[in-house]
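This is what each chain is made of:
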Amino acid sequence: MTIGLLVCIVALPLLVAAGITVIGRRAPLQLARRLTLGTSGLTVLLVLVLLPRAGSGLTAAVEWLPGTGAMALGLGSTGLYAVLVTSLSLCLALIGTTGGGGDRAVDGPRGSPLLEAVTLAALAAATAAFLAEHFLLRYVALEIAALCVALAPAIERRDPEPVHPPSGIALSRFVYLVLRLGDVGLLIAILILAEASGTLDITPALEAGQALDKTRLTPVVGGLLLAVSAKLGSWPFHLWSRVGRRLALRSHLWLYATVLPNLGIYLLYRVTPLLALSAPLQGAALVIGAGSAALAALLALIEADRRTGLVHLGAAQGGLVLFIAASGVKQAVWLTLPVMTALRLLLFLAVDGAETAGSQAGRRAMAGALTLGGLALVGFDLLTLQWAREAGIPQGALYVAEVGIGLICAWTARTAWQFASASGQPGKAAGTVTHWTRWAAIGVLCAGVLAAGLTFGRLAGWLSTAAHMTPPAVPTLPSTLLYAASRPALWAAVVLALAVWRFRSGLKRMALPAGRVHSAQVEIARRFRAAAQVNAGDRLILLIARAVVGGARLIHGIVEEGILGRSIHYATQTVTEGGRIAYRIVEREGLEGNLQRIVGGILSVSGWAQRMHTGRLRRNLLWMAIGLVATVLTLALFAW
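This structure is a prediction, so every number in the text was calculated from the model and none was measured.

Let's shift gears to the overall build of the protein chain. Each helix and strand counted, the protein chain has 21 helices and four strands in total. Across the 640 residues that make up the protein chain, the buried fraction comes to 46%. A total of about 31400 Å² of accessible surface is found on the protein chain, and carbon and sulfur atoms cover 69% of it.

Right under this line is the structure:
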């Protein structure tokens, strides 16, 4: 019974996806979405039934390739919890994006039964990857999940001439290539671990990896870090996750912002012990994680589009979780998976709900949900930073990570204030009413975040015990606030970001008295205001942009219109003249001349042979006649 349920949670989404694919366009879109929601909900129920049997050691194994061992799906507690969180996030994402802006992409409404089939296939692949106890099975599952994520743009943006280029196929190709780069690193690590341990089973291979020498340990850790960074979408690998901004909210929220980052966090949780064994790569992971978090948070703060800002915010969280893993706090990496999943859902739904709300009260309610999610995110980051500090990491990397958290806090405050204070400004979908399912999903998430925040100590202890790890010491709320108040880098980033934002907002609201002064004075005032609005950083960016554009035009004029155009013209003339010469020499002179000479030679030889044959035949006939006459005469003489 248990093995059947274990197989069912992987096979059920695949079978439903196959059924939707077979029916194709004949299936109504609403029916396909209901099947997706029902399948994800049934998967959650099956996982809840299997949770009491977690850690029992039962597996569903099958030997696929000879010599690779049995590829098994196990009942590991962390894998089951990861499946539960990911499946539940799909349910909430589907419920929260029903109606309103959830079905609307950048260039209009998108929906296809095939997209629902791809979503279910990604759920099945993620479930298999979480529960796999064999490296080859996990690698195949990760490949299928990445392929499903990459197919989403090609399905949603399938117009032959898209309104917003590039096309969906080009976007799918780009996403898949970036994710394949991470899979290359994972494959290198798998091959080295398999050669060292003699098995592809994950647990024995990772245990054998801890005994590797530095020569083989370095490529293993480097390959795993590359795979994790690509799946987390941390900077600069966040470029593939930015493609999700071009899709509908449900595709962006789950396929791009949830399933692959969760797979990356879980992979990082499993390989965290190996990072501490390679000191150079551990230091590099600390610096890269903290630096990418601060840079991505800064990009989110200066980004005007809020959903794109959420992409940068996800990249910042990816850098922070890499930083925490490099510090050696494995419990924090494991806790990041459920916490980030819930907060990511809440932030995406609240931001989109505030942008599409038709009333000021709705926008303020969504701003309140956004504030709650942002504060919970900052609080969890501060908590993990305290654990990393106790682990004895370098202070320089810690300061950079604190700057990143401060920028995240500033982004939350600025975005929530903009939504709450936008009185009289209608949303993008003015006149519409937010669907009640959106309110239900956000209400469930807010209640869950509040409950988890109030009982986080017990929750962290329970999840750590389920993962067979020592529960971390969770500080009290006053101690966390005291830690935040004592970190100068954190407050410096917050204050500086908010001050710059308020200063720029004040300058934008300034009005020029154009109708009361002389035209020359108006021009001077306009130039002064433009100079005041553009600070040193903006001027630098403007100069760089002008230099890039000028250089691009110069290169276009020289290379494409000059060298490239002349090269193509000369190449065309050369090919044309060469073809004519070849035709004249080979076909007319060479080929025809050779044929004429060959035919002439054949005719000459034939004439000579004919003449020789005719002359010899005539001589033979003459000698035959003479012989016959001689024979007759001889017989006549003997007869006498």
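We are not done yet, so read on.
Examined against the element boundaries, T336 turns out to sit in helix α13 (residues 330–356). One polar contact links the side chain of T336 to the main-chain carbonyl oxygen of A332, over a distance of 2.6 Å. If we skip the residues at most four places from it in the chain, T336 touches I265, V321, T341 and F380.

This brings us to the packing of aromatic side chains. A full pass over the atoms with the stated rule returns six aromatic pairs. Plain terms: the ring middles of W240 and Y256 are 5.8 Å apart, the flat faces sit at 35 degrees to each other, and that makes the pair tilted. Residue W240 is found in helix α9 (residues 238–242), and its partner Y256 is found in helix α10 (residues 249–275); the two are separated by 16 residues along the sequence. The pair formed by W240 and Y256 is uniform in burial state, with each residue classed as buried.

In this chain, W235 is followed by P236 through a cis amide linkage whose omega measures 5 degrees. In this fold, P236 is placed in the loop between α8 (214–232) and α9. Of note in the backbone geometry, H468 takes a positive phi value of approximately 60 degrees without being a glycine.

Right, let's get into the layout of surface pockets. A volume near 1500 Å³ is recorded for the largest pocket. As for the largest pocket, its lining consists of 50 residues, and the residues nearest its centre are A376, V449, A452, G453 and F456. For the lining of the largest pocket, the elements supplying multiple residues, two or more each, are α3 (77–96), α13, α14 (360–390), α16 (436–454), α17 (456–466), α18 (477–485) and α19 (488–508). For the lining of the largest pocket, the leading source of residues is α13, giving nine residues.

With that out of the way, let us pick up the packing of α3 against α16. Two elements in contact, α3 and α16, have axes whose closest approach is 7 Å; the angle formed by their N-to-C orientations is 145 degrees. Contacts between α3 and α16 involve L92, I95 and G96 from the first element and T437, R438, A441, V444 and L445 from the second. For the contact of α3 with α16, the residue count by class is five nonpolar, two polar and one charged.

On to empty space enclosed by the protein. Taking a probe equal in size to a water molecule and rolling it over the atoms shows the remaining empty space. Per the stated rule, a full pass over the model turns up six cavities of 30 Å³ or more. Size it by volume and the largest cavity reaches roughly 340 Å³. When residues of the lining of the largest cavity are assigned to their parent elements, the largest contribution, eight residues, is made by helix α12 (residues 306–326). Residues of the lining of the largest cavity, tallied by class, amount to 16 nonpolar, seven polar and one charged. Within this model, the second largest cavity holds a volume of roughly 80 Å³. Lining the second largest cavity we find L90, A93, L94, L115, E116, T119, R250, S251, W254 and L255.

Counting residues in hydrophobic clusters, the biggest one holds 163 residues, and the most contacted among them are W240, Y256, L263, F323 and W334. For this core, the element with the most residues is α10, which contributes 17 residues. The contact partners of L263, leaving out residues within four places of it in the chain, are A126, A129, F130, L142 and A145.

Judged by side-chain polarity, W235, L295, L298 and I302 come together as a nonpolar surface patch covering roughly 370 Å² of accessible area. Checked against the element boundaries, I302 lands in helix α11 (residues 279–302).

On a regular strand, one side chain projects to one face of the sheet and the next to the other, so that they alternate. Of the two faces of strand β2 (residues 71–74), both are covered, the one formed by M71 and L73 as well as the one formed by A72 and G74. Inspection of the sheet shows strand β1 (residues 59–62) paired to β2 by four bridges, in the antiparallel sense. Within β2, the residue paired with T59 across the bridge is G74.

Another point: the pattern of salt bridges. Following the criterion strictly, the structure yields eight salt bridges and no others. Notably, a salt bridge pairs R216 with E195, separated by 3.0 Å at the nearest N-O pair. Pair noted here: R216 is in helix α8 and E195 is in helix α6 (residues 168–197), with a separation of 21 residues, a long-range link. Judged by relative accessible area, R216 falls into the partly exposed class, the value being 32%.

With that out of the way, let us pick up the side chain of D381. Here D381 is to be found in helix α14. Within the buried core, D381 has no salt-bridge partner, and the shortest N-O distance to an opposite charge, that of R344, equals 10 Å. Setting aside residues up to four positions removed in sequence, D381 forms contacts with Q317, L320, I405 and I408.

Time to look at helix α4 (residues 113–131). For α4, which comprises 19 residues, the first-to-last C-alpha distance of 27 Å matches the rise-based estimate of 27 Å (1.5 Å per residue) to within 8%. Taken across its 19 residues, α4 has 18 buried, putting it largely inside the fold.

What follows is about the packing of α13 against α14. The contact between α13 and α14 brings their axes to 8 Å, and the two run at 160 degrees. In terms of axis orientation, α13 runs roughly antiparallel to α14. As for the relative orientation of α13 and α14, their crossing is left-handed in sense.

Its 19 residues give α16 an end-to-end C-alpha distance of 27 Å, which sits within 8% of 27 Å, the value for a rise of 1.5 Å per residue. Of all the positions in α16, only T437, R438, A441, I442, L445, C446 and V449 are classed as buried. Looking at the buried side of α16, the elements it contacts are α3, α10, α13 and α14.

So, about the environment of A376. When you line up the elements, A376 lands in helix α14. Judged by relative accessible area, which is 25%, A376 ranks as partly exposed. Taking C-alpha positions, A376 is 7.5 Å from G453, a pair spaced 77 residues apart along the chain. Sequence-distant contacts of A376, defined by excluding residues within four places in its chain, comprise L343 and V449.

Where the model shows low pLDDT, its predicted coordinates should not be examined in detail. Across the protein chain, the average pLDDT comes to 76, with 70% of residues at 70 or higher. Mean pLDDT across the secondary structure elements of the protein chain bottoms out at strand β4 (residues 108–109), with 40, and peaks at α3, with 91. Across residues 100–109 the pLDDT falls below 50, and counting only partners more than four positions away or on other chains, this stretch makes 31 contacts in the model. In this model, residues 527–538 is a region of pLDDT below 50 whose contacts with residues beyond four sequence positions or in other chains number 14 contacts.

Calculation notes
- Residues numbered from 1 in each chain as written.
- Predicted model: local features only at pLDDT ≥ 70, side-chain atom pairs only at ≥ 80, totals over all residues.
- Heavy atoms only, no water.
- Helix = DSSP H or I, 4+ residues; strand = E, 2+ residues; numbered from the N terminus.
- Buried < 20%, exposed > 50% of the residue type's maximum accessible area, 1.4 Å probe, protein only.
- Areas by Shrake-Rupley, 256 points an atom, 1.4 Å probe, with all protein chains shown as cover.
- Polar contact = N/O pair within 3.5 Å; in protein donor to acceptor, adjacent residues only side chain to side chain.
- Contact = heavy atoms within 4.5 Å.
- Phe/Tyr/Trp six-rings, centres within 6.5 Å; stacked < 30°, edge-to-face > 60°.
- 1 Å grid on protein atoms, 1.4 Å probe; cavity = no way out; pocket = protein on both sides within 12 Å on 5 of 7 lines; lining within 4 Å.
- Points joined across faces, edges and corners; volume = space filled by probe spheres on them.
- Axes fitted to C-alpha atoms, helices over the stretch in contact; angles between N-to-C directions.
- Nonpolar A, V, L, I, M, F, W, Y, C, P; charged D, E, K, R; others polar.
- Core = buried A, V, L, I, M, F, W, Y, C linked by side-chain atoms within 4.5 Å.
- Patch = residues over 30% accessible without salt bridge, like charges linked within 9 Å, V, L, I, M, F, W, Y side chains within 5 Å.
- Salt bridge = Lys/Arg side-chain N within 4 Å of Asp/Glu carboxyl O.
- Pairing = 2+ DSSP bridges.
- Lys, Arg positive; Asp, Glu negative; His and termini not counted.
- Expected span 1.5 Å × (residues − 1).
- Parallel < 35°, antiparallel > 145°, perpendicular 65-115°, else oblique.
- Left-handed = near helix turned anticlockwise from the far one by under 90°.
- pLDDT = per-residue confidence, 0-100.

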